[in-house]
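These are the residues of each chain, in order.
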Amino acid sequence: MSKITAAITGVAGYVPEYVLTNKELETMVETNDEWITSRTGIKERRILKGEGKGTSHIAVPAVLELLKKTNTKPEEVDLLICATTTPDMVFPATANLITAEVGAVNAFGYDLQAACSGFLYALVTGSKFIESGQYKKVIVVGADKMSSIIDYTDRATCIIFGDGGGAVMLEPNTEGYGILDSVLKSDGTGAQYLHMKAGGSRKPATIETVQAREHYAYQEGQAVFKFAVKGMADVSAEVMERNHLTGDDVAWLVPHQANKRIIEATANRMGLSNEKVMLNIHKYGNTTSGTIPLCLWEYESQLKKGDNLVLAAFGGGFTWGAIYLKWAYDPK
Ligand SMILES: CC(C)(COP(=O)(O)OP(=O)(O)OC[C@H]1O[C@@H](n2cnc3c(N)ncnc32)[C@H](O)[C@@H]1OP(=O)(O)O)[C@@H](O)C(=O)NCCC(=O)NCCS
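All values reported here derive from a predicted model rather than from experimental measurement.

The next subject is helix H8 (residues 221-242). Taking 1.5 Å per residue, 22 residues should reach 32 Å; H8 reaches 31 Å between its end C-alpha atoms and fits that length. Taken residue by residue, H8 has Ala223, Val224, Ala228, Gly231, Met232, Ala233, Val235, Ser236, Ala237, Val239 and Met240 as its buried positions.

What follows concerns the UniProt feature "domain: Beta-ketoacyl-[acyl-carrier-protein] synthase III C-terminal" (unreviewed entry) in the protein. Following the UniProt record, one finds the feature "domain: Beta-ketoacyl-[acyl-carrier-protein] synthase III C-terminal" (unreviewed entry) at residues 240-327. End-to-end, the C-alpha atoms of residues 240-327 are 16 Å apart, and along that stretch the chain is 31% helix and 23% strand.

Attention shifts here to the UniProt feature "domain: Beta-ketoacyl-[acyl-carrier-protein] synthase III N-terminal" (unreviewed entry) in the protein. In this structure's numbering, the residues bearing the UniProt feature "domain: Beta-ketoacyl-[acyl-carrier-protein] synthase III N-terminal" (unreviewed entry) are residues 110-188. With 23% helix and 39% strand, residues 110-188 has its two end C-alpha atoms placed 22 Å apart.

Let us look at the site of the ligand. Near the ligand there are 24 residues, and of these Thr31, Arg39, Gln219, Gln222 and Asn259 occur at the shortest range. At a separation of 2.5 Å, an oxygen atom of the ligand approaches a polar side-chain atom of Arg39. One of the side-chain nitrogen or oxygen atoms of Asn259 is found 2.7 Å away from an oxygen atom of the ligand. Within the complex, 75% of the 960 Å² of free accessible area of the ligand lies under protein. Going through the elements one at a time, helix H2 (33-40), helix H6 (155-158), H8, helix H9 (260-270) and strand E12 (308-315) are the ones with two or more residues in the shell around the ligand. Among the elements that line the shell around the ligand, the one with the most residues is H8, at 4 residues. Of the residues that constitute the shell around the ligand, the class distribution is 11 nonpolar, 9 polar and 4 charged.

Bringing the domain arrangement of the protein into the picture now. Entries for the protein in the domain assignment read domain 1 (5-176) and domain 2 (180-327). The centre of domain 1, based on its C-alpha atoms, is set 14 Å off from the matching centre of domain 2. Each partner contributes residues to the interface: domain 1 has 52 residues there, and domain 2 has 47 residues. Across the domain 1 to domain 2 interface the summed buried area is about 3,700 Å²; carbon plus sulfur atoms make up 63%. When the buried area of domain 1 at its contact with domain 2 is split by residue, Cys116, Leu120 and Tyr121 rank highest and sum to 17% of it. In this assembly, domain 1 and domain 2 are joined by 2 salt bridges. The shortest N-O distance in the salt bridge between Arg213 and Asp151 comes to 3.0 Å. Counting across the domain 1 and domain 2 interface gives 17 residue pairs in polar contact (both at pLDDT 80 or more). Only strand E1 (5-14), H2, strand E3 (44-47), helix H3 (56-69), helix H5 (118-131), strand E6 (138-145), H6 and strand E7 (163-173) provide two or more residues apiece to the side of domain 1 that touches domain 2.

Further remarks concern the sheet that holds strand E5 (residues 108-112). Within the open sheet, the 5 strands sit side by side as E1-E7-E6-E4-E5. Their pairing is mixed. Sheet topology places E1 and E5 at the edges, where each strand pairs with a single neighbour. Strand-to-strand, the axes of this sheet are offset by a mean angle of 20°, without reference to chain direction. Pairing geometry for E1 and E7, over 9 bridges, is antiparallel. Bridge pairing in E7 places Ala6 opposite Pro172. Strands in contact with H3 are E1, strand E4 (79-83), E6 and E7; relative to E1, the strand with the most contacts, it is inclined by about 125°. On the sheet, helix H11 (residues 291-299) packs against E1, E6 and E7 and is oriented at approximately 85° with respect to E1.

Criteria and cut-off values
Residues numbered from 1 in each chain as written. Predicted model: local features only at pLDDT ≥ 70, side-chain atom pairs only at ≥ 80, totals over all residues. Heavy atoms only, no water. Helix = DSSP H or I, 4+ residues; strand = E, 2+ residues; numbered from the N terminus. Expected span 1.5 Å × (residues − 1). Buried < 20%, exposed > 50% of the residue type's maximum accessible area, 1.4 Å probe, protein only. UniProt positions renumbered as here; feature names shortened; annotations may be inferred. Near = heavy atom within 4 Å. Polar contact = N/O pair within 3.5 Å; in protein donor to acceptor, adjacent residues only side chain to side chain. Areas by Shrake-Rupley, 256 points an atom, 1.4 Å probe, with all protein chains shown as cover. Nonpolar A, V, L, I, M, F, W, Y, C, P; charged D, E, K, R; others polar. Domains from an automatic or database assignment. Contact = heavy atoms within 4.5 Å. Buried area = accessible area lost by both parts, 1.4 Å probe. Salt bridge = Lys/Arg side-chain N within 4 Å of Asp/Glu carboxyl O. Pairing = 2+ DSSP bridges. Axes fitted to C-alpha atoms, helices over the stretch in contact; angles between N-to-C directions.

This is the structure we're talking about:
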């Protein structure tokens, strides 16, 4: 019997309507469009507005679009994994809220938290359930409502993040398409540079933690930048080397969108020209788990069956990794 691989058979995305521009940020903190653009590549990001709306409200429209595009009935879905750092609630899992909302009554689901590498980790995890032969339809979601944990008085952090997400369908393939290799890494000593100080079991919410603004993402930008540039480039080079791929063999780099300069450094190390790099950071900023599926969604019409893709990410934790996959379908 030929080997079963997990192939992406469809992709969908969702970004909220509200556009937070660099110009509007200029009215909120001491910053300017020129600084943000030259240091990060970001021009605008989306914000999910509305009382009681969480990450599931970003994921559900993406999953509904995915079911439609792949002609899948909700009850056919076996498993839904939601990568997110901003779950609707501490519990239950956002994945369960999504499956209930879309009518995936036969699916089990759970969340996976690996900050900006969440979607990569979830994609590898989901692929194993397909490769084992146990499941046939696995949805992997990457979505975040970062605006819920961003301090809009901290100019070094609030300019980077935005809300959005996407979803892919994984199905078995026996012709050699799909996820072929991955390198995943983590290093908990990096936690000091990027974390949330309160709200976890170490430091539950109190009036004092709220007053000290400890429920927002804390980031030491320069330190994170240094590790990210090296980490993302290292794993991308590693996955290429061990699969004997040169820059010419790779059709697309699908990088996590945290900072345009980090993306350029990775592409450079891989020997890729700019035209082979998926980029939407200028429109959406860093949507954490959402960036990679949002890129795939936006570039789907340019992807051809057999294209070699390298997906790469770096994030809080620290977590980082790269996936090598062979795209499984032509534009529909
Ligand atoms: C956050 C980040 C954009 C800051 O850019 P930087 O070039 O490292 O900037 P620095 O932190 O060194 O700050 C340089 C100066 O700009 C200032 N500055 C910071 N944010 C600013 C802003 N929004 N507007 C204007 N000036 C700003 C700083 O105060 C500092 O001023 P000083 O020299 O007078 O002290 C950058 O470090 C980064 O992208 N880091 C990685 C973030 C990341 O990837 N996070 C997600 C993990 S997946």
